[in-house]
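What follows is the residue order along each chain.
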Amino acid sequence: MRTTGGHVATLLTMLGATAAAGDFTVELRDAAGKPLANAVVYVTAKTAASAPAAPPHARASIDQIDKEFVPRVSIVQAGTEIQFPNSDNIRHSIYSFSPAKTFTTKLYSGREAAPVLFDRSGLVVLGCNIHDQMVAWLYVVDTPWFAKSGADGTATIRALPPGDYRLTADSPEDQLAATESDVKIDAAPSRQLVTLKAGA
Amino acid sequence: MRIERLQTRIIVFFVVLLALVQVAAFWFVNAANSKNAHAKIEEELNVGQRVFARLLDQNADKLKLSARVLAADFAFREAIATHDTGTIASVLSNHGARIGADAMVFVDLQGNVVSDTLRPGGTSRKFEYPALLKANKNDATASMEVLDGRGFQLVAVPVLAPLPIGWVVMGFAVDDSLARDLRTLTELEVSFAMEAPQRPAFPWHMLASTLALPEQKALLAGLPAGADDTQRLVINLSGVDHQALMIPLDDNSNARIVAVLHRSLDSALAAFERLRNTLFVLAVLSIALSIVGSVAVARNITRPLETLASAASRIEQGDYVEPVRIERSDEIGVLASSLNHMRGGIADREKRILKLAYEDPLTDLANRSRFANSLEQAIEEARAGGFSLTVLVMDLDRFKYVNDSLGHGVGDHVLREVSARLLATVQSAACVARLGGDEFAILVRHATGGEDITANARRIIDALEAPILFEGQPLDVGASIGIAKFPEHGGDAQTLVRCADIAMYAAKRNKTGYAVYEAHYDTSQQEHLSLLSELRRAVERNELRLYYQPKVSLHSSNVSAVEALIRWEHPTRGLVSPALFIPFAEQTGYIKLLTRWVLREAVRQCGEWLREGMRLTVSVNISARDLMNRDLPDQVAALLHEHGVTPSLLCIEITESGFMEDPANAQKVLDRLAELGVKLSIDDYGTGYSSLSYVMRLPVQELKIDRSFISHMATDPELSTIVRSTIDLGHNLGLKVVAEGVEDLAALKMLRSLGCDDAQGFFMSKPLAPRALIAWMRANDNTFDCPNTATVQKLR
């Protein structure tokens, strides 16, 4: 849900506020120029060790509502613990065979399960062993600078310190190929258009 | 070929008809069967095709389901996700065994075969049918493909974790077992063949089949190459035609797989073959039955026909006793009944005809024919049995008089009464017949011949003695009977009857009532007959003469009249008595000719005497027949005129019976003669039955008393009394009375004393020839005074 996403963003913004930085907005389009919602972007500094690590016990949440993961697409910094509440009144049994994090957790209605720590970066595809149609994509990245596009197809990475970065954009729902590009960030807010092409 | 017998015709007709119907029915059924068989096999193939497709679909669904289940198996997915190749292989083989799949393959996202139960050793290769690998599990399809040279029904399902991480490919082998299963369900032979276009010489390779090996080869040889659609084929396997459907199953690979469903026409036709055989047997049976049936029907028709025919033939032969015995209500029964009626009708008619032919309808007595037959039969029996027979022929006296004067009704009544009396009189064994007219005949059989043969005749005469009553009036009918005996008088029927007839005439002539045949009757009879025939020529030959007997007046003794009497001077027989030929001339009608001749001669003689100065009244006898001749008065008048004779010189004598036969006509003729002035005289008075009232009506002037009264009157007082009263009666009526048959002086004297007017007889003179009469007259001076006895004797 967007409110949850909003919390994460707010949290990240608050964390980044310690460094002198500007906002970096990425406009995500598909090959047809259509804005891509639920796409993720993140940047990694090309210069050494300027990025702060994730604070301990950083938390995020992926809910199950109406036999759907909410949100379907998430992006978190490595070391974040993800809470899997169950808003449905049925059981779910979420799993991941992704190399970044392999796990299974049974979720019972109205009973909070222990959060799962995602400490390795990589794309984790979540499924439900009970409901095959449920799928969620969780990007675990080694950078605090990431964002997810809204309905308008723009994702803004806030308080990004100026510098040279490697930008990665992906749209898992649309099964488009992830793209990487180099960006130079000034103190001033910057904006960039990224077009995702169909790919494997 | 012509068939004559009705029975055979009926049988042939029915059998041929039924045979035709059977052949036609057989042909139609056979044709329909053949058509049905083909349609049925076609239908079976179609059904088989549908069942086959459905079974393959079900197999595919089963595969899909299994594959999906497997693909969703968490452990499996985990093994895959964790690239645990050993686990993957074991899961595949385990799961394959569980659902009975023959091939289990896991293909990764790149299309590489990760694990393959067919090749557990594993060779790194790309999966052969990438088109089967569809990302969406709902798009999974089953397909017939070839793996390692074997046919498989394959299905590929993506493994989701939750995104696709590879494909599970599962396959059921297309093998003989499958083919057999399909055959069980479709009842069709099932073969799966693979087409390998790279081997054009022998493109087809058998994957699985229900057929034996040689037939498999034959089937493959019969398959056409490059067929894209379902084809219908007829393939000959081991000499048997099979109707086949060739169904392309998939074309995902270079090796095309087809299913061939087929069925032998023979097996499809077998049922119809059995039906046809049954039909044939039924046809043969029904024809045989129809033969038996039509024989029965034909017999049913022809047997009564034969009965009818034999009945008709019996009727033809005159057997009317046996009726046709057919108790049926159908047409033949009606015919039989008609035949019976016809039989009865014919019998009745024949009886009537026989009655008409052999019976006298008036008296119901046998007729002449029947009598002749009976007599002939009786003669044969008598001859064989050695007994005798008597034939009586009876003729009624005075019947003609009764019949003519009183009418035929009375005559018939008399005949019936006579016949009744005859029947009542004679023995029952006798045969009584009416030969015709008033002539009867009686045949009497004698067992021994000792009987008095005249007894019957006497009884009959006695029986007829009593007068026959007609409407209360008595009729006196006498009879004359002639008797002939077998074997004495004749050996055959004709002779016996003739003899009896002759005897009868003798009896009649002699007024003896009856007479037994005697040979001399026969000669006299024959004499009469020959005389009769000679009499015809007597006139032309001028052999007839008239003799004249004088009538002497008892008052004056003058001779003023003569009676003309006919004489026949036969050239060989001499003088023939009129009694010998007059009766027969009367019977034959020849009397008319004689009378005419007598009249002519008498009148001529009278005229001659007149011219010679002798005035003699000439009396002429005429018969009853002449009295019926209406021309007689004219003829007499002409004669008188011709010879210049005064009518009063002619006296015509008639007998009582003469005018009694037809009184009305006789009266007219006599009246005319009287008008002419001719004298009329009643001859033989006293013998007939005429009453005086009749006589009084007649214009007669003279009464001649019959000689039977005169000749014995001198000795018989009764007779003299009759003569006296007759003379008185005649005088009282104003008639001249003449006595005939005066043969002696005593009679003459008595007559004179009684006042009789004239006398005539041998005592005075016998009838004389004209010349002799003249001489006699001259000798007596025209008188005959009553002489003494001596004189009389001298004169005679």
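Up top is the structure.
Residues numbered from 1 in each chain as written. Chains lettered and ligands numbered in written order. Predicted model: local features only at pLDDT ≥ 70, side-chain atom pairs only at ≥ 80, totals over all residues. Heavy atoms only, no water.

Caption draft 1: The arrangement of the overall build of chain A in detail. A count of helical and extended segments in chain A gives one helix and 17 strands. For chain A, buried positions account for 46% of its 200 residues. Accessible surface, chain A as shown: approximately 9600 Å² in total, 53% of it carbon and sulfur. (Helix = DSSP H or I, 4+ residues; strand = E, 2+ residues; numbered from the N terminus. Buried < 20%, exposed > 50% of the residue type's maximum accessible area, 1.4 Å probe, protein only. Areas by Shrake-Rupley, 256 points an atom, 1.4 Å probe, with all protein chains shown as cover.)

Caption draft 2: Highlighting the interface of chain A and chain B. If you look at the interface, chain A gives 11 residues, while chain B gives 10 residues. Where chain A abuts chain B, roughly 940 Å² becomes buried across the two surfaces, and 67% of that area is made up of carbon and sulfur atoms. Where chain A touches chain B, the interface holds one salt bridge. Residue R77 of chain B is joined to D132 of chain A by a salt bridge in which the shortest nitrogen-to-oxygen separation is 3.9 Å. The tally of links from chain A across to chain B stands at two residue pairs in polar contact (both at pLDDT 80 or more). Mapped onto the side of chain A that touches chain B, the elements with two or more residues apiece are strand 11 (122-128) and strand 12 (135-141) of chain A. Element by element, the count of residues in the side of chain A that touches chain B is highest for strand 11 of chain A, at three residues. (Contact = heavy atoms within 4.5 Å. Buried area = accessible area lost by both parts, 1.4 Å probe. Salt bridge = Lys/Arg side-chain N within 4 Å of Asp/Glu carboxyl O. Polar contact = N/O pair within 3.5 Å; in protein donor to acceptor, adjacent residues only side chain to side chain.)

Caption draft 3: A look at the sheet that holds strand 17 (residues 190-196) of chain A. Residues and elements named next belong to chain A. Taken in spatial order, the three strands of this open sheet run 14-1-17, and their pairing is mixed. Looking at which strands have only one partner, the edges of the open sheet turn out to be strand 14 (154-160) and strand 17. If you compare each strand with its neighbour and ignore which way they point, the axes differ by 20° on average. When strand 1 (residues 22-30) meets strand 17, the two strands line up parallel, connected through seven bridges. Within the sheet, the bridge partner assigned to L28 lies in strand 17 and is V194. (Pairing = 2+ DSSP bridges. Axes fitted to C-alpha atoms, helices over the stretch in contact; angles between N-to-C directions.)

Caption draft 4: Geometry of the nonpolar core. Residue and element names in this part refer to chain B. If you look at the biggest cluster of nonpolar residues, it comprises 80 residues, and the most contacted ones within it are V742 and L751. Sorting elements by how many residues they give to this core places helix 15 (residues 591-611) first, with nine residues. Not counting the four nearest positions on each side in its chain, L751 is found in contact with L554, I710, M713, V723, I727, A739, V742, C756 and A759. Core analysis: the second largest hydrophobic core is formed by 36 residues, A103, L147, L154 and A173 among them. (Core = buried A, V, L, I, M, F, W, Y, C linked by side-chain atoms within 4.5 Å.)

Caption draft 5: View of the pairing of strand 1 (residues 103-108) of chain B. Residues and elements named next belong to chain B. For strand 1, the buried fraction is high: six of the six residues fall into the buried class. Across the two faces of strand 1 the burial is the same, with A103, V105 and V107 and M104, F106 and D108 all buried. Pairing of strand 1 with strand 5 (residues 164-173), which is carried by six bridges, proceeds in the antiparallel orientation. Residue pairing for strand 5: V107 is matched across the bridge by W167. As defined by bridge partners, strand 1 adjoins strand 2 (residues 113-116) across three bridges and the pair is classed as antiparallel.

Caption draft 6: A nonpolar patch on the surface, seen in detail. Residue and element names in this part refer to chain B. A contiguous nonpolar patch, built from F13, F14, L17, V21 and V297 and spanning about 440 Å² of accessible area, is present on the exposed surface. Among the elements that take part in the nonpolar patch, helix 1 (residues 6-71) stands out by supplying four residues, more than any other. Assignment of secondary structure puts F14 in helix 1. (Patch = residues over 30% accessible without salt bridge, like charges linked within 9 Å, V, L, I, M, F, W, Y side chains within 5 Å.)

Caption draft 7: Inspection of the packing of aromatic side chains at higher detail. All chains considered together, the criterion is met by 14 aromatic pairs over all chains. Plain terms: the ring middles of F97 of chain A and F74 of chain B are 5.0 Å apart, the flat faces sit at 35° to each other, and that makes the pair tilted. Note that F97 of chain A is positioned in the loop between strand 8 (92-96) and strand 9 (103-107) and F74 of chain B in helix 2 (residues 74-81), a pairing that runs across two chains. A centroid spacing of 6.1 Å and a plane angle of 65° characterise the contact between F26 of chain B and F280 of chain B, whose relative ring orientation is edge-to-face. A residue pair is termed long-range when its members are at least 10 positions apart, and F26 of chain B in helix 1 and F280 of chain B in helix 6 (residues 265-316) qualify at 254 residues. Over the face of the ring belonging to Y547 of chain B we find R567 of chain B, whose NZ or CZ atom lies 5.8 Å from the ring centre. (Phe/Tyr/Trp six-rings, centres within 6.5 Å; stacked < 30°, edge-to-face > 60°. Lys NZ or Arg CZ within 6 Å of the ring centre and 35° of its normal.)

Caption draft 8: Representation of the side chain of D360 of chain B within the structure. Residues and elements named next belong to chain B. Of note, D360 is situated in the loop between helix 7 (331-358) and helix 8 (368-385). According to the relative accessible area criterion, D360 is buried, its value standing at 9%. When residues no more than four places from it in sequence are discounted, the contact partners of D360 are L365, A366, N367 and R434.

Caption draft 9: Representation of empty space enclosed by the protein in the model. Residue and element names in this part refer to chain B. Applying the stated criterion across every chain, the model contains three cavities of 30 Å³ or more. If you add up the space inside the second largest cavity, you get close to 50 Å³. Lining the second largest cavity we find K592, T595, R596, L599, D626, N629, L632 and Q635. Among the secondary structure elements, those contributing two or more residues to the lining of the second largest cavity are helix 15 and helix 17 (632-642). Residue contributions to the lining of the second largest cavity peak at four residues, all from helix 15. (1 Å grid on protein atoms, 1.4 Å probe; cavity = no way out; pocket = protein on both sides within 12 Å on 5 of 7 lines; lining within 4 Å. Points joined across faces, edges and corners; volume = space filled by probe spheres on them.)

Caption draft 10: Main features of the sheet that holds strand 13 (residues 146-148) of chain A. All names here are of chain A. Taken together, the four strands give an open sheet; going across it, the order is 13-2-15-16, and neighbouring strands pair in antiparallel fashion. Each edge of the sheet is formed by a strand with only one pairing partner; in this case those strands are strand 13 and strand 16 (179-185). Ignoring which end each strand starts from, the neighbouring axes of this sheet average 20° apart. With six bridges joining them, strand 2 (residues 40-45) and strand 15 (residues 163-170) adopt antiparallel strand pairing. In the sheet register, V40 faces strand 15, and the bridge partner there is D170.

Caption draft 11: Quick look at helix 11 (residues 455-463) of chain B. Among the residues of helix 11 of chain B, A455, N456, A457, I460 and I461 of chain B are the ones counted as buried. Among the structural elements, strand 11 (388-397), helix 10 (408-425), strand 13 (439-446), strand 16 (478-486) and strand 17 (514-516) of chain B are those in contact with the buried residues of helix 11 of chain B.

Caption draft 12: Here's a closer look at unusual backbone geometry. Residue and element names in this part refer to chain B. Here the amide bond leading from A161 into P162 is cis, since omega sits at -10°, within 30 degrees of zero. Position of P162 among the secondary structure elements: in the loop between strand 4 (150-160) and strand 5. In this model, F486 is joined to P487 through a cis peptide bond whose omega is 0°. Its location among the elements puts P487 in the loop between strand 16 and helix 12 (493-510). Notably, H83 is not glycine yet its phi reads approximately 55°, a positive angle.

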